[in-house]
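Letter by letter, the chains look like this.
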Amino acid sequence: LMPQPASLSNNAYFRALRGAVPVPAAGREKLAFQMLMVLCMVVCMVTLNWLLHTPDLTPNGFSQALYEYPLTFTIAFIVRTLIANPLVEHIMHAVIPATLSGLKRTVVLTLINVGIMVTIMTFFGVIISNGPLQFTWLDYAQSLPLSFTMAFVLNFLIVAPAVKLSFAHIVKPKLLLLRKARELRTAVRSFTLRVTR
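I will try to describe carefully the structure that is included in this document. (Residues numbered from 1 in each chain as written. Predicted model: local features only at pLDDT ≥ 70, side-chain atom pairs only at ≥ 80, totals over all residues. Heavy atoms only, no water.)

Time to look at a positive patch on the surface. Together, Arg-28, Lys-172, Arg-179, Lys-180, Arg-182, Arg-185 and Arg-189 make up a region of like positive charge exposed at the surface. Per-element accounting of the positive patch gives the leading share, six residues, to helix H6 (residues 137–196). Since its relative accessible area comes to 64%, Arg-28 is described here as exposed. (Patch = residues over 30% accessible without salt bridge, like charges linked within 9 Å, V, L, I, M, F, W, Y side chains within 5 Å. Areas by Shrake-Rupley, 256 points an atom, 1.4 Å probe, with all protein chains shown as cover. Salt bridge = Lys/Arg side-chain N within 4 Å of Asp/Glu carboxyl O. Lys, Arg positive; Asp, Glu negative; His and termini not counted. Charge placed at Lys NZ, Arg CZ, Asp CG, Glu CD. Helix = DSSP H or I, 4+ residues; strand = E, 2+ residues; numbered from the N terminus. Buried < 20%, exposed > 50% of the residue type's maximum accessible area, 1.4 Å probe, protein only.)

In this section: a nonpolar patch on the surface. On the surface, a cluster of nonpolar side chains totalling about 400 Å² of accessible area is made up of Tyr-13, Phe-14, Val-153, Leu-157 and Ile-158. Put simply, the parts of the chain that give the nonpolar patch at least two residues each are helix H1 (12–17) and H6. The leading source of residues in the nonpolar patch is H6, at three residues. Tracing the backbone shows Val-153 in helix H6.

Moving on, we get to the nonpolar core. Nonpolar side chains in soluble globular proteins tend to end up buried together. Ranked by size, the top nonpolar core spans 18 residues in total, and within it Ala-76, Met-117 and Met-121 carry the most contacts. At the level of elements, helix H2 (27–53), helix H4 (68–95) and helix H5 (102–130) are the ones that each hand at least two residues to this core. Considering every element that reaches this core, the biggest residue donor is H4, with eight residues. Aside from chain neighbours lying at most four places away, what touches Met-117 is Ala-76, Val-79, Arg-80, Ala-84 and Thr-122. Listed in part, the 16 residues of the second largest apolar core include Phe-33, Val-114, Leu-154 and Val-163. (Core = buried A, V, L, I, M, F, W, Y, C linked by side-chain atoms within 4.5 Å. Contact = heavy atoms within 4.5 Å.)

So this is what it looks like as structure tokens:
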């Protein structure tokens, strides 16, 4: 008999879309997860914006835009941790019913997250791309719809599932090993101190 293909319910990608892959809620794991998510979104969004808005698509033109990656990551991570996270928590508890689950919950959470981040980051993106003196609210307003659409599609379909799966299967086990190594090192050091006294 030929093996039957795995059902969608058992597919890791669709489990990540439905929110069935656990996401860290606190501590160093949450910080590492947030950094990975912000990094992936920044790389994707800065690259797409460069491709869409630059007249110079040569390697030299790209090299002149490289500064945008670390600068945008720094701003995005600060916005994520200090502004977006508290707002998302507040909106989530106030608006999203506890009964909402699965794919619908993922869509709503993505809309809230992307809405907050894009609203703030587009402001900084226009300033970074055009320069502070060339900033106009018209450029900001014109950039919002495309930025929101790109960010939502990227986050929902690509970045969030990839980061969730990478964290669960690669990053989290490595962090666990590091923690155990630190605990072992501490235990050995305290044992050595007791023996030498």
